[in-house]
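Read off the chains here:
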Amino acid sequence: NHVVPDGMSMPTFVAQLNLIADISELFLRSQLTYLELHRAQMSSAVMMTLANKLLEDVTAKAGLSMEDSEHRVVRSIIETARKLTQSDRCSVFLVRDKTLQAYFGGNTSGKPVSVSLNTGIAGHTAQTGETVCLRDVYADARFNQDIDRATGYRTDTMLCMPVVHQGVVVAVAQ
């Protein structure tokens, strides 16, 4: 014998239980996504603090031009971010007037590439200061597929965060 609330048929009761189970699953999935994003943001915040300290230390050393210091710091940020987020690739976009100077980690040439400030998710983050977390970048119209085509790499997921100095977005970590 099954206990069904008075006045309710078994099929209605089962349908309500299934609905409750579906809602519970959605809730748990959204909580898991939130926790994953929170972990990534916390890791990125630590990485940004380290990057700022590294920039201060590197530029304070005598004999290095600002360009050399910047290049070394960006490479260090990319490698640290990649390890910290357990990603196979990371990029840093430095804000330069109306362009972004893009440094790509992973199996790329290592030379910076200039892209429009209005381009892609990095451009959106640079302009708005918003953190963007995507599970499927190709489902987002802001995603710039040109970089994937040029490098032969296929991006699946993305966390894109602003690097803010004195209230101004100076770079984007992706």
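Quick notes on the rules
- Residues numbered from 1 in each chain as written.
- Predicted model: local features only at pLDDT ≥ 70, side-chain atom pairs only at ≥ 80, totals over all residues.
- Heavy atoms only, no water.
- Buried < 20%, exposed > 50% of the residue type's maximum accessible area, 1.4 Å probe, protein only.
- Helix = DSSP H or I, 4+ residues; strand = E, 2+ residues; numbered from the N terminus.
- Pairing = 2+ DSSP bridges.
- Contact = heavy atoms within 4.5 Å.
- Core = buried A, V, L, I, M, F, W, Y, C linked by side-chain atoms within 4.5 Å.
- Axes fitted to C-alpha atoms, helices over the stretch in contact; angles between N-to-C directions.
- Salt bridge = Lys/Arg side-chain N within 4 Å of Asp/Glu carboxyl O.

Enquirer: Residue-level account of the pairing of strand β5 (residues 158-165), with values.
Expert: Buried residues dominate β5, accounting for six of its eight residues. As paired elements, β5 and strand β6 (residues 168-173) share five bridges and run antiparallel to each other. Bridge pairing in β6 links M161 to A173. As consecutive antiparallel partners, β5 and β6 are separated by two residues, and within that stretch Q166 has a phi angle of approximately 50°, a positive value.

Enquirer: Go over helix α3 (residues 120-128) with me, naming the residues and quoting the values.
Expert: Summarising burial for α3: seven of the nine residues are buried, a large majority. Of the positions making up α3, those classed as buried are G120, I121, A122, G123, H124, T125 and A126. Tucked into the core, α3 has its buried residues touching β1 (91-96), β2 (99-104), β4 (132-134), β5 and β6. Just past α3, the residue G129 takes up positive phi, approximately 75°.

Enquirer: Summarise the environment of D97; cite the residues concerned and give the values.
Expert: Residue position: D97 is located in the loop between β1 and β2. Sequence separation of D97 and S116 is 19 residues, and the distance between their C-alpha atoms is 9.6 Å.

Enquirer: Describe the nonpolar core, with residues and values.
Expert: Grouped together as the largest cluster of nonpolar side chains are 17 residues, with contacts concentrated most on F93, L100, I121, C160 and V172. Secondary structure elements with two or more residues in this core: β2, α3, β4, β5 and β6. If near-sequence neighbours (up to four positions away) are discounted, F93 is found in contact with L100, Q101, A102, F104, V115, A122, V170, A171, V172 and Q174. By size, the runner-up hydrophobic cluster in this structure holds 12 residues, among which are V73, A81, C90 and Y103.

Enquirer: Please provide a residue-by-residue account of the sheet that holds β4, values included.
Expert: Read across the sheet, six strands follow the order β3-β2-β1-β6-β5-β4 without closing on themselves; strand pairing throughout is antiparallel. Each edge of the open sheet carries a strand with a single partner, namely β3 (113-116) and β4. Between one strand and the next, the sheet's axes are offset by a mean angle of 25°, whatever the strand orientation. Across the sheet, α3 lies against β1, β2, β4, β5 and β6, angled at about 35° from β5, the strand it touches most.

Enquirer: Quick one: what's the story with the side chain of S91, residue by residue and with numbers?
Expert: If you trace the backbone, S91 turns up in strand β1. For S91, a relative accessible area of 12% gives the class buried. Excluding its chain neighbours within four sequence positions, the residues that come into contact with S91 are I78, Y103, F104, V172, A173 and Q174.

Enquirer: Explain the pattern of salt bridges residue by residue, including any values.
Expert: As enumerated under the stated definition, the model contains five salt bridges in all. For the salt bridge of R142 with D140, the shortest nitrogen-to-oxygen distance reads 2.7 Å. As a salt-bridge pair, D146 and R149 come within 2.6 Å of each other at their nearest N and O atoms. A residue pair is termed a helical-turn pair when its members lie 3 or 4 positions apart in one helix, as D146 and R149 do in helix α4 (residues 145-151) at three residues. A residue is classified by how much of its surface remains accessible, and D146, at 45% relative accessible area, is partly exposed. By relative accessible area, which is 57% here, R149 ends up exposed.

In short, the description is geometric, and any link to function would need to be established separately.
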